[in-house]
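Residues per chain are reported as follows:
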Amino acid sequence: MTSTARSSGRLWPAALSGIVAVGAGLAVGEVAAVMVDLNASPYFAVGSAVVDHTPTAVREWAINTFGTSDKLALFIGMGWIIAAIAAGCGLAERHRPPAGAVIVGLFGVVGAIAALDRPGSRWTYAIPSILAGLVAILVLRILVGMLRPAETAPTASDGADGSGAEDDAGQPASRAVGRRFVLTAGGIAALAAVVGVMSRRVLADAAHTVADRTRVLLPTPRSAAPPIPAGAELQVPDATPFVTSNNDFYRIDTALQVPSLTTQEWSLRIHGMVDDEIRIGWDELLAMPMTERLVTLTCVSNEIGGDLIGNARWLGVPMKTLLDRAGVRPGADMLLSTSADGWTCGTPVSAVTDGRDALLVVGMNGEPLPVEHGYPVRQVVPGLYGYVSATKWVTDWELTTFSDVQAYWTTRGWSALGPIKLASRIDRPASGADVERGEVIVAGTAWAQHTGVGAVEVRIDDGVWERAELATEYSLDTWRQWRFTWVATPGDHTVYCRAIDRRGRAQVETYASPIPDGATGLDSRTYQVS
Ligand SMILES: Nc1nc2c(c(=O)[nH]1)N[C@H]1C(S)=C(S)[C@@H](COP(=O)(O)O)O[C@H]1N2
Ligand SMILES: [Mo]
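Definitions and cut-offs
Residues numbered from 1 in each chain as written. Chains lettered and ligands numbered in written order. Predicted model: local features only at pLDDT ≥ 70, side-chain atom pairs only at ≥ 80, totals over all residues. Heavy atoms only, no water. Salt bridge = Lys/Arg side-chain N within 4 Å of Asp/Glu carboxyl O. Helix = DSSP H or I, 4+ residues; strand = E, 2+ residues; numbered from the N terminus. Buried < 20%, exposed > 50% of the residue type's maximum accessible area, 1.4 Å probe, protein only. Axes fitted to C-alpha atoms, helices over the stretch in contact; angles between N-to-C directions. Parallel < 35°, antiparallel > 145°, perpendicular 65-115°, else oblique. Left-handed = near helix turned anticlockwise from the far one by under 90°. Contact = heavy atoms within 4.5 Å. Phe/Tyr/Trp six-rings, centres within 6.5 Å; stacked < 30°, edge-to-face > 60°. Lys NZ or Arg CZ within 6 Å of the ring centre and 35° of its normal. Patch = residues over 30% accessible without salt bridge, like charges linked within 9 Å, V, L, I, M, F, W, Y side chains within 5 Å. Areas by Shrake-Rupley, 256 points an atom, 1.4 Å probe, with all protein chains shown as cover. Pairing = 2+ DSSP bridges.

Q: Any chance you could break down the pattern of salt bridges for me, citing the residues and the numbers?
A: It is possible for side chains bearing opposite charge to pair when their charged atoms get close. All chains considered together, the criterion is met by 25 salt bridges. The partner of Asp396 in a salt bridge is Arg269, with the nearest N and O atoms 3.6 Å apart. With Asp396 in strand 10 (residues 394-400) and Arg269 in strand 1 (residues 267-272), this pair connects stretches of sequence that are 127 residues apart. A salt bridge links Arg498 to Glu509; the shortest N-O distance between them is 3.0 Å. Here Arg498 is found in strand 17 (residues 491-501), whereas its partner Glu509 is found in the loop between strand 17 and strand 18 (523-529), with eleven residues between them in sequence. A relative accessible area of 15% places Arg498 in the buried class. By sharing partners, the salt bridges in this structure join Arg122, Arg251, Asp253 and Lys392 into a single network.

Below, the structure written as structure tokens:
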């Protein structure tokens, strides 16, 4: 009877070890997620994966049963399931080491896969789950390891002293080990709870921003964007759409964690070489006359043929309006903008004041800015690469000079000035697509922001340049679609394209890497024609 009591008594510490270990891992995962991205949290990533992959019938059932608490129900349900598996891991580690540790490690891998599967994820999204897995394995091995001497010690003394000594010698020793185990497990559990709750608070603040965004009502523009002519979109299957949806819009920034700012927390301070230092708040900004424009944004890091480019409908206040309020002093040639997370950007004052549609933006494609695209306020300046113009989460403007100040990327080897280079891209047929002999429609995009695309030409292998058909021009600040009918003959063929701008300059054909001021060269695709 003592032996039954003892062995069943040992099941709980082992199960508890598993639960504490997985709890500690999850807490570490949350802390890491605060630094990487809240969507990288293993718990949330797995939860979102569950939501994304839940069959419609089950989802309907959950919504009907739990109403608006369906997410809470999911998290509680997940908590129970994870606790049950974790307890099993503890038992497995106790009786079949390292089975428990292996399963706990697999937990981490599942978390990492779920995090990497999140929309807009990067490789760093795997870090919280990997750390969580490693910490859980470590804690599990430590706790279960502490349970072992309790049984090996008496056996050893058993051999030395004979049978009668076991209980006398073994009990106090195992009680001491038991106390040590309880203190260690309790300490780790308490620490994990504190750390977990603290990081959850930080994550909740980010969620607060998401909620704030849903309450924003965008004003009607004083100056609306011209309607998009039907001909701006060439009717070519699987061509790149003229307007890029917010979900498909490329995202580039240095923010490991998206700055979370509510509209009421936001303000823009304008200072430096100005007549009056001013600060503009959200309500004041929203009361100003708004301009809406389509502008194609491009990243300087975009390789020839790359996709770090997108065209959106932006709503905002002309940046010049704000500069005029502050009064720019003569000699100030740089607008140094800084984001809530300290990223800096130097824009020529001339580009902001020469009449182009440089906007302090609050809306993107009819919605408040998505959080990762700069919520609540960012800049968009036609004709300049993003790193010298498109500050997201912008909170500070300093009027200064290029000779006095270098912005973030300029101190890292990129050019101080970044006008967008004329370029063109082949979008279809996709690389490696099956191409049959005969007429093949090759289509793509070309851009020369603020100058305008005048023509696009296509060349097959070493042939001559031939004119492609251009879509109707929307504006000088937006990209332009093109298409070319190629009569393909069997064999391997390479298709090249080049753009010519409205001033008659052809795209530079020699290859240059993006650094320091944007790539040059021709995009090409090689097809096997059957
Ligand atoms: N705060 C901040 N703003 C930023 C950046 C950044 O790293 N931090 N990157 C810039 C760069 S390099 C580009 S290309 C554009 C990209 O904007 P998007 O992510 O909305 O496409 O944002 C710009 N604004
Ligand atoms: Mo960029």
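Q: Can you tell me about the packing of helix 5 (residues 99-116) against helix 6 (residues 127-147), naming the residues and giving the values?
A: Relative to each other, helix 5 and helix 6 sit at 165 degrees, their axes nearing to 8 Å. The angle between the axes of helix 5 and helix 6 places the two elements in the roughly antiparallel class. Crossing hand, helix 5 versus helix 6: right-handed. Residues Gly100, Ala101, Val104, Gly105, Gly108, Gly111 and Ala112 of helix 5 form the contact with helix 6, whose participating residues are Ser129, Gly133, Ala136, Ile137, Leu140 and Arg141.

Q: Before we move on, could you go through the packing of aromatic side chains and cite the residues and values that matter?
A: For the coordinates displayed, the defined rule picks out eight aromatic pairs. Geometrically, the ring pair formed by Trp409 and Trp414 is edge-to-face, given 6.4 Å between the ring centres and 75 degrees between the ring planes. An aromatic cluster is built from Trp343, Tyr387, Tyr408, Trp409 and Trp414, whose rings are joined through pairwise contacts. Just above the ring of Tyr496 sits the side chain of Arg459; from NZ or CZ to the centre is 4.3 Å.

Q: If you had to explain the environment of Pro419 to someone new, which residues and values would you point to?
A: Assignment of secondary structure puts Pro419 in the loop between strand 10 and strand 11 (423-428). Here Pro419 falls in the partly exposed class, since its relative accessible area comes to 49%. When sequence neighbours within four positions are dropped, the list of residues in contact with Pro419 reads Gly383, Leu384 and Tyr385.

Q: Describe a nonpolar patch on the surface, with residues and values.
A: On the surface, a nonpolar cluster with roughly 370 Å² of combined accessible area is contributed by Val102, Leu106, Val109 and Ile113. Summarising the element assignment, Val102 is placed in helix 5. The partly exposed category is assigned to Val102, whose relative accessible area is 48%.

Q: So, the pairing of strand 1: which residues are in play, and what are the values?
A: Here four bridges tie strand 1 to strand 2 (residues 278-281), and the two strands are oriented antiparallel to one another. The partner of Ser267 across the bridge, within strand 2, is Gly281. Linking strand 1 to strand 2, which pair antiparallel, is a turn of five residues.

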